[in-house]
Amino acid sequence: MMSAKRYSFLMENQSESLTLQEYEEGWHFCWDWDGLLIHKDDVEFSCCSCQSGEFIRRKHEKRNLFLASSLGIFLFVTFLCWLYIRFYG
Ligand SMILES: [Zn+2]
């Protein structure tokens, strides 16, 4: 997780690059916000149109799609089990 200390360090040293983990968590330096370090849950993120932001957005959409389809498969399998138990159990 991003600590307050790490955040202010990064804001003072914008040439510093984010770690892969921080990037994975949804952080990026946003040039739409004059280089402000923002997180995907921040209000600023919903108004950002920079490339890094777009990339993160697409990535999380993909992840959400993956989670939704996993849930769908899980429910389907549960339903099949229910059918099986209901009629053959
Ligand atoms: Zn951005």
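Our subject is the structure that appears above.
Asks: Outline the overall build of the protein chain, supporting the account with residue identities and numerical values.
Replies: Broken down by element type, the protein chain carries 4 helices and 2 strands. Its helices and strands taken in sequence order, the protein chain reads α-α-β-β-α-α from the N to the C terminus. The C-alpha radius of gyration computed for the protein chain amounts to 20 Å, which surpasses the reference 12 Å derived for 89 residues by more than 25%, pointing to a less compact arrangement than a globule. Principal axes of the C-alpha set define a box for the protein chain whose edges measure 65 × 25 × 20 Å. Residue pairs in contact within the protein chain that sit at least 24 positions apart in sequence constitute 20% of those at least 6 positions apart.

Asks: Outline the pairing of strand S1 (residues 27-30), listing residues and values.
Replies: The pairing of S1 with strand S2 (residues 36-39) spans 4 bridges and is antiparallel. Looking across to S2, one finds that Cys30 is bridged to Leu36.

Asks: Can you explain helix H4 (residues 51-88)? Please cite residues and give values.
Replies: If you check H4, its first and last C-alpha atoms are 55 Å apart, about what 38 residues at 1.5 Å a residue would give, namely 56 Å. Sparse coverage of H4 is indicated by the burial of 2 of its 38 residues.

About the criteria used
- Residues numbered from 1 in each chain as written.
- Predicted model: local features only at pLDDT ≥ 70, side-chain atom pairs only at ≥ 80, totals over all residues.
- Helix = DSSP H or I, 4+ residues; strand = E, 2+ residues; numbered from the N terminus.
- Rg over C-alpha atoms; globule rule 2.2 N^0.38 Å.
- Contact = placed C-beta atoms within 7 Å.
- Pairing = 2+ DSSP bridges.
- Expected span 1.5 Å × (residues − 1).
- Buried ≥ 20, exposed ≤ 12 C-beta atoms within 10 Å, placed from the backbone.

Any functional reading would require information beyond the geometric quantities listed.
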